[in-house]
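In case you want the letters, here they are:
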Amino acid sequence: MWNQIGAVFRREVSERITRPGYWATTALGIVVMIALVVVPSLIAKGLHPSLTVGSLHVPHAVLMAAAPPGTTLKILPIASLADGIARIRHHNLAGFFAARGGHWAFYGQVNTGISSMIAQLNRDALVHALPPRLLAALAAAEAHSQVQVVSVSPGFGLIVRSVAIYALDVIMMVVVMTYGVFIGMSVVEEKESRHAEMLMAWTRPVRLLMGKILGFFALAFIQVALWSVSGLIALSVKTHHFSVQGLSPSFLILFLVWAVIGYLQYSTAFATLASRAQRSQEMNQAVMPLSLIAMLGYMGSAIALGHPGGVVQTVIHMAAFVPFLAPMLALALLQLGGMPWWQVLIDVVWQLVFWAGLLRVAARLFHRHLLNYQSSLPKRRRFFRRAG
Amino acid sequence: MAERLAAFDRVWFSYDGRPILEEASLALSTGEVVGLLGLNGTGKTTTMRLIAGILDPERGAVERTYRRLGYLPEERGLYRRLTVERYLRFVGELNGLPKADLRPAVDRLMEQFRLEEYRGRRIEALSKGNQQKVQLAATLVPSPDLMLWDEPFSGLDALNQDLLLDVLRDLRSRGVAVLLSTHRLDDLELLADRTYILAKKRFVEYIPPRQPAGYRVRFDQDGADRSIEVASDELPSQVQECAAHGWPVLSVTPKTGLESIFRELLGEGA
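**Thoughts on the pairing of strand E7 (residues 177-181) of chain B**
Residues and elements named next belong to chain B. Most of E7 sits inside the fold, with five of its five residues counted as buried. Neither face of E7 is open: one carries Ala177, Leu179 and Ser181, the other Val178 and Leu180, and all of them are buried. In terms of strand pairing, strand E3 (residues 33-37) meets E7 through four bridges, oriented parallel. Each bridged residue has a counterpart across the sheet, and for Gly35 the counterpart in E7 is Leu180. Of the strand pairs in this sheet, strand E6 (residues 146-150) and E7 are connected by five bridges, and their pairing is parallel. In the sheet register, Asp150 faces E7, and the bridge partner there is Ser181.

This is the structure we're talking about:
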């Protein structure tokens, strides 16, 4: 069984991986991915590494001493707690440090630069290798406790994170739809040339289908992996850290899980629907219902970007369990606070079970349609004759 | 002793309610070339698909005891972007041929079908005839014990048709069973050990006599193309008579029992 799946897999990969178009798309994707990482970072930080934080009763000298190396720190005096929170909410301030009753706190969204400052200011973390200048500043300020972080949202970082999630959702949809169309074209070509009939004398339809799905998956995986690696490298070069603006490794893993599930569901359905087409020109029409479903997922993720509440949020949450919509909506749902881990687990298992069932049904339909060379036109003619 | 490779036992099959086969029975055994004749749309392709396991009968039983199958449908395609060698290797891999056997098998077929010079060339760059040879070679890659060939001569020039006839004889000598569907009755008469004629949704078996019943003589009678049928023992005198009148003999073709039976069956509304 696996020999035959492997043979189809190798054929699909070797035939397509040598095409210049494949590598041109891969290169373009790498450029887009780097831009996706770098551009929000540039928007958030400006062209030169600089950081603006507010200060409520915290000596400026202390904050200056704790500034990340190579970063220009701008300190904005904050009059009161309410003033600081208003600046976060309405003026794109990342956050501010406040000294209240001998305790220090940070209000706002922690990014890499601020995280570094908090680590510097945290006395427990500074037992070793405390810079003398900072030590002197801390002593002068009589600071003696850990910095407490108080999350204030929405901040600009959250918006950037939302954009990143949305962008990855769009990338997922592009990959799923593109490879769905590719696999559909491959099926139609085999049917149109009547090659499929020869193949089915040697192997079962489900193996042919699996070989195709896995072959195109390998091609898609190579592309997505190269895009992801280039994105992570861009992240590390830009921030010296792999976690910024919501693009953490755990988030990327979640993205990959849903992208794989999305690919499996859509490619199986695309192959099955495409097998109904008699000619390449008919393929778009054959797969149109699936394209419309994918559009629903896209619309749902666009709605989630707007942080809706109430019924809309509930509907999006429930739709995240519906096959074909789940891959896009479950990811977009992160913008609304995400799902509890156990729901994610249930959803992933359910989507995989659904796909296994879909594959069985798809193989039967695939078999039946591949041998049906009769256009559905006569039925339409009959209908119109009756209607006339 | 001949081993049975495939058999139909009272098979019924229909497409969308249109009956194709009704209580149809046949059997194929090792080392025989069996013809399959029938009008277009009477079920020859369906018969091959049933034997190949692509379709299953509605009623009756199809016995498939062959180990490896070579199947060439009437309308066939290729992966046009693959090279000839890569395509043949793909067919071998699909049929589970061990890697060690794959290379010699592909090399042997390249030589047999005179495709060596096109080994590294993409199939789309080959002529139609050479593409047809690649398809035929592909059916032999799995070293089948049963071959299903549907119109294998179409698209081949005279030289390559001779090449295919040689391959066919070679297969028979090696004990491979071949089910051959073609409209070329002369070839069937020449090659087939027996022929199934699809008539009235059933198979009628025809086993050719050792000697032809007669001959068809075609000659040029003062500029007019004429043909007559004569009994075997009358052939020499008929040829002499033509020569005596100065009528050039254009062809002498064995009058096949197959043809007359085929026409007779069709005349009854097959």
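**Examining the sheet that holds strand E4 (residues 59-64) of chain B**
Residues and elements named next belong to chain B. The three strands lie next to each other as E2-E1-E4, forming an open sheet whose pairing is antiparallel. Across the chains shown, the open sheet's two edge strands, defined by having one partner strand only, are strand E2 (18-29) and E4. Averaged over all pairs of adjacent strands, the angle between their axes in this sheet comes to 15°, without regard to strand direction. Where strand E1 (residues 4-15) meets E2, eight bridges bridge the pair, whose relative direction is antiparallel. Counterpart to Tyr15 in the pairing with E2 is Arg18. Its contacts with the sheet place helix H1 (residues 44-52) against E1, E2 and E4, and it is angled at close to 125° to E1.

**Topic: the packing of aromatic side chains**
With the rule as written, the count across this model stands at 16 aromatic pairs over all chains. Aromatic side chains A:Phe324 and A:Phe354 sit 5.8 Å apart centroid to centroid with 85° between the ring planes, which places their arrangement in the edge-to-face category. Note that A:Phe324 is positioned in the loop between helix H12 (310-319) and helix H13 (326-332) and A:Phe354 in helix H14 (residues 341-370), a separation of 30 residues in sequence. A relative accessible area of 23% means that A:Phe354 is categorised as partly exposed. Among the aromatic residues, ring-to-ring pairing joins A:Tyr266, A:Phe324, A:Trp350 and A:Phe354 into one connected group. In this arrangement the basic side chain of A:Arg11 is found over the ring face of B:Tyr79, its NZ or CZ atom lying 3.3 Å from the centre. Just above the ring of B:Trp12 sits the side chain of B:Arg59; from NZ or CZ to the centre is 4.1 Å.

**Section: the sheet that holds E7(B)**
Adjacent strands of a sheet form backbone hydrogen bonds with each other and so pair up, either parallel or antiparallel. Residues and elements named next belong to chain B. Ordered by their spatial adjacency, six strands build an open sheet running E5-E6-E7-E3-E8-E9, and the pairing between neighbours is mixed. Each edge of the sheet is formed by a strand with only one pairing partner; in this case those strands are strand E5 (69-72) and strand E9 (202-206). Between one strand and the next, the sheet's axes are offset by a mean angle of 15°, whatever the strand orientation. When strand E8 (residues 194-199) meets E9, the two strands line up antiparallel, connected through five bridges. Within E9, the position partnered with Tyr196 by the bridge is Glu205. The strands that helix H4 (residues 128-140) touches are E5 and E6; relative to E5, the one it contacts most, it runs at about 160°.

**Considering the packing of helix H2 (residues 84-94) of chain B against H4(B)**
All names here are of chain B. It is at 9 Å that the axes of H2 and H4 come closest, and there the two elements cross at 30°. On the basis of the axis angle, H2 is roughly parallel to H4. Between H2 and H4 the crossing geometry is right-handed. Every residue of H4 that contacts H2 at Val84, Tyr87, Leu88 and Val91 is listed here: Val134, Ala137 and Ala138.

**Looking at the side chain of B:Glu85**
Tracing the backbone shows B:Glu85 in helix H2. In contact with B:Glu85, other than residues within four places in its own chain, are B:Arg103, B:Val106, B:Met110 and B:Arg119.

**Describing the side chain of B:Glu93**
For B:Glu93, the position within the fold is in helix H2. Sequence-distant contacts of B:Glu93, defined by excluding residues within four places in its chain, comprise A:Asn3, A:Ala7, A:Arg10, B:Arg86 and B:Leu102.

Rules used in this analysis
Residue positions are counted from 1 within each chain, in the order its sequence is given. Whichever chain is written first becomes A and whichever ligand is written first becomes 1, with later ones labelled in order. The predicted origin of the model limits local features to residues at a pLDDT of at least 70 and limits the giving and counting of side-chain atom pairs to 80 or more, whereas totals for whole chains, interfaces and linings rest on all residues. Side-chain measures here rest on the full set of heavy atoms in the structure, leaving out hydrogens and waters. For each residue, the accessible area found with a 1.4 Å probe, counting protein chains only, is set against the maximum for its type, and the residue is called buried under 20%, exposed over 50%, and partly exposed in between. Counting from the N terminus, the helices are the DSSP runs of H or I reaching at least four residues and the strands are the DSSP runs of E reaching at least two. Any two strands with at least two DSSP bridges between them are considered paired. Between N-to-C directions, angles span 0 to 180 degrees; the directions come from axes that are lines fitted to C-alpha atoms, helices contributing only their stretch in contact. Residues are treated as being in contact if the distance between any of their heavy atoms lies within 4.5 Å. Two aromatic rings from Phe, Tyr or Trp, using only the six-membered ring of Trp, form a pair when their centres are within 6.5 Å; if the ring planes differ by under 30 degrees the pair is stacked, by over 60 it is edge-to-face, and anything between is tilted. Working rule: Lys NZ or Arg CZ, within 6 Å of ring centre, within 35 degrees of ring normal, means a charge sits over the ring. Angular relationships are summarised with four words: roughly parallel below 35 degrees, roughly antiparallel beyond 145, roughly perpendicular across 65 to 115, and oblique for the angles in between. Here is the rule for handedness: rotate from the far helix to the near one, and if that takes an anticlockwise turn smaller than a right angle the crossing is left-handed, while a clockwise turn gives right-handed.

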